[in-house]
Amino acid sequence: MNERDSEAVASLLRARGYAIVEDEALADVILLNTCSVRDLAEQKAIGKAAHLSKRKRRNPRLLVGILGCMAQNRGADLLDRLPDLDLVVGTQKFHRVPDHLDNLLATIKGEGPRPESILDLDAEAGSQNEIRGHDHTEGAPQISAYISIMQGCNMHCTFCIVPKTRGEERSRPIDDIVREAEDLVAHGTREITLLGQIVTSYGRREFPMVDGKTPFVQLLERLHALPQLHRLRFTSPHPSGFKPDLIAAHRDLSKLGEYAHLPVQSGSDRILRAMNRPYTRDTYLRLIASLRAAQPKLWFSTDIIVGFPGETDEDFAATRDLFREVGFEMAYLFKYSTRTGTPAAELPDQVPTDVAEARHRELMDILEKRSLARHQQMVGTTEEVLAQEPAKRPAGRLMGRTRGYRKVFFDAPDRLLGELVQVRITSATVAALHGEVVTNG
Ligand code: 5AD
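Residues numbered from 1 in each chain as written. Predicted model: local features only at pLDDT ≥ 70, side-chain atom pairs only at ≥ 80, totals over all residues. Heavy atoms only, no water.

Q: I'm lost on the layout of surface pockets in this one. Help?
A: Taking a probe equal in size to a water molecule and rolling it over the atoms shows the remaining empty space. As a volume, the second largest pocket reaches approximately 280 Å³. Secondary structure elements with two or more residues in the lining of the second largest pocket: strand 12 (330-335) and helix 13 (353-378). For the lining of the second largest pocket, the element with the highest residue contribution is helix 13, accounting for 4 residues. Classifying every residue of the lining of the second largest pocket by side-chain character gives 8 nonpolar, 1 polar and 5 charged. (1 Å grid on protein atoms, 1.4 Å probe; cavity = no way out; pocket = protein on both sides within 12 Å on 5 of 7 lines; lining within 4 Å. Points joined across faces, edges and corners; volume = space filled by probe spheres on them. Helix = DSSP H or I, 4+ residues; strand = E, 2+ residues; numbered from the N terminus. Nonpolar A, V, L, I, M, F, W, Y, C, P; charged D, E, K, R; others polar.)

Now the structure itself:
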């Protein structure tokens with residue numbers, strides 16, 4: 001999501017006559033787009049901003065700004081901590097960045113005193129409709145592109161800062177999204193990933209059900225019909241959003257591939273309740289079973305938090321057992337990070353760091369073994385791969401993804417970029433597959 005927001009800001013700035021430079025040392029303006037989901041992300045951004053502030057003292061004309069979630073989360077406190085910052089822009093104001101920069105630069109040109117810092121954090125109705133510009137630069141098309149379809153989340157998981165940083169759920173109209181997708185596809189995009197903090201809630205308050213289908217599934221169907229699009233993905237979903245229509249979509253819409261991301265967070269009902277996740281271990285497992293029934297080849301991935309306040313050995317064992325039972329091929333495993341202002345931050349029984357570390361490592365081990373075993377089983381099979389980008393090295397090698405979203409490296413000419421290619425898998429590691437193109441006839 002942050003990548004997409006940054007891209008959209010860059011696109012607006014280009015349209016305003018700014019040039020994006022590759023080398024930070026050459027920049028007159030440096031904007032940091034930030035994340036607040038875990039403390040580590042905030043610490044990194046603060047470290048980077050402090051470093052840039054020092055550079056500003058040597059070069060007072062350098063402008064430094066912080067955008068996005070950390071700006072929204074910390075607001076004016078950020079300016080107290082980093083008084084040299086010129087610009088602090090929240091998550092509903094990305095589209096205002098060009099105007100703010102123009103104003104700051106105009107003041108600097110006048111050789112007057114240092115311009116006042118600008119703080120722009122208010123909520124803005126309709127701001128979800130502003131994240132849409134893509135640059136169609138000449139040369140390589142963007143084979144895989146993101147589209148932001150909604151902003152915010154109303155679920156209020158007790159560990160999560162997102163309701164504070166991104167606000168209430170707001171969705172873009174289906175027609176606008178379809179137009180953006182058509183434009184991307186016309187410029188060579190072959191895979192679209194729909195983005196939102198909770199995409200499965202897309203449009204549920206704004207748009208009606210049609211033929212028993214939720215707005216999200218209506219949107220998937222519209223995009224699936226674009227002839228030149230090969231793959232359609234989305235993130236992040238909520239397990240509670242997998243209603244029968246979305247389960248059926250995994251059977252009927254082949255461009256969704258054979259991949260489903262279902263963030264479970266914990267396998268313990270007690271912890272799930274404390275997290276305010278409205279499902280149980282049992283209903284989650286039944287959901288996995290219905291998805292498998294709809295599309296037997298699905299590869300599953302998940303998000304898990306270990307060390308949520310009050311998580312006992314028994315609770316963790318329940319998570320570990322569920323993790324093994326489902327056999328996730330992919331997972332984002334996190335140690336709980338206390339976010340000030342969330343309900344969980346007030347809970348007693350915070351789990352000691354070393355306990356959380358050990359639990360995290362245990363899940364990592366299971367995941368690595370499982371991924372390697374599944375990858376090795378694929379050796380000798382032929383997979384449909386979307387050729388996405390040149391591999392970093394050697395020259396002549398491409399990186400692509402299987403229908404199960406596994407990374408594959410194979411030798412092929414660049415003209416196959418954006419194409420679906422049949423690749424025979426010849427070897428496997430934990431992280432990726434290697435293979436060779438199967439030539440027909
Ligand atoms: N601590 C650790 N992980 C978190 N996540 C969200 N909030 C926290 C937190 N406070 C994880 C969840 C979510 C993913 C995007 O980040 O697993 O699904």
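Q: Looking at this model, I keep getting lost on empty space enclosed by the protein. Mind explaining?
A: This model, assessed by the stated rule, comprises 3 cavities of 30 Å³ or more. Here the largest cavity is characterised by a volume of approximately 100 Å³. Taken together, L232, R233, F234, H250, L256, Y259, A260 and H261 make up the lining of the largest cavity. The residue inventory of the lining of the largest cavity, partitioned by class, reads 5 nonpolar, 2 polar and 1 charged. Space inside the second largest cavity adds up to approximately 50 Å³. Every residue lining the second largest cavity is listed: E191, R231, L232, R233, K255, L256, G257, Y259, T402, R403 and Y405. Of all the elements, strand 9 (residues 231-235) adds the most residues to the lining of the second largest cavity, at 3 residues. Residues belonging to the lining of the second largest cavity are distributed by class as follows: 4 nonpolar, 2 polar and 5 charged.

Q: Help me out: how do you make sense of the site of the ligand in this one?
A: Lining the immediate surroundings of the ligand are V37, R38, F159, Q265, D303, I305, F334, K335, Y336, S337 and R339. The contact in question runs from an oxygen atom of the ligand to an N or O atom on the side chain of R38, over 2.9 Å. The separation between an oxygen atom of the ligand and a polar side-chain atom of Q265 is 2.7 Å. Alone, the ligand offers 400 Å² of accessible surface; in the complex the protein occludes 87% of this. Of all the secondary structure elements, the ones that give two or more residues to the shell around the ligand are strand 11 (299-306) and strand 12. (Near = heavy atom within 4 Å. Polar contact = N/O pair within 3.5 Å; in protein donor to acceptor, adjacent residues only side chain to side chain. Areas by Shrake-Rupley, 256 points an atom, 1.4 Å probe, with all protein chains shown as cover.)

Q: For this particular structure, what's the right way to read the domain arrangement of the chain?
A: Many authors give the size of an interface as the accessible area that is lost as the parts come together. Under the domain assignment used here, the chain contains domain 1 (2-120), domain 2 (127-376) and domain 3 (379-439). Each of domain 1 and domain 2 was reduced to a C-alpha centroid, and the two centroids are 29 Å apart. Contact residues are listed per partner, giving 21 residues for domain 1 and 25 residues for domain 2. Roughly 2,000 Å² of surface becomes buried between domain 1 and domain 2 when both sides are summed, with 49% attributable to carbon and sulfur atoms. In this structure, the connection of domain 1 to domain 2 is made through 5 salt bridges. A salt bridge links E42 to R339; its shortest N-O distance comes to 3.5 Å. On inspection of domain 1 and its partner domain 2, the count reaches 12 residue pairs in polar contact (both at pLDDT 80 or more). (Domains from an automatic or database assignment. Contact = heavy atoms within 4.5 Å. Buried area = accessible area lost by both parts, 1.4 Å probe. Salt bridge = Lys/Arg side-chain N within 4 Å of Asp/Glu carboxyl O.)

Q: What should I look at first to understand the pattern of salt bridges in this one?
A: Side chains that differ in sign of charge can pair as their charged atoms come close. This model, assessed by the stated rule, comprises 39 salt bridges. Two residues, D315 and R270, come together in a salt bridge whose shortest N-O distance is 2.6 Å. Residue D315 is found in helix 12 (residues 313-326), and its partner R270 is found in helix 10 (residues 269-274); the two are separated by 45 residues along the sequence. D315 sits in the buried class, given a relative accessible area of 6%. Judged by relative accessible area, which is 42%, R270 ranks as partly exposed. Here D411 ties to R397 by a salt bridge, and the two come within 3.1 Å at their closest N and O atoms. You can see D411 sitting in strand 15 (residues 407-411) and its partner R397 sitting in strand 14 (residues 397-401), a full 14 residues away along the chain. (Buried < 20%, exposed > 50% of the residue type's maximum accessible area, 1.4 Å probe, protein only.)

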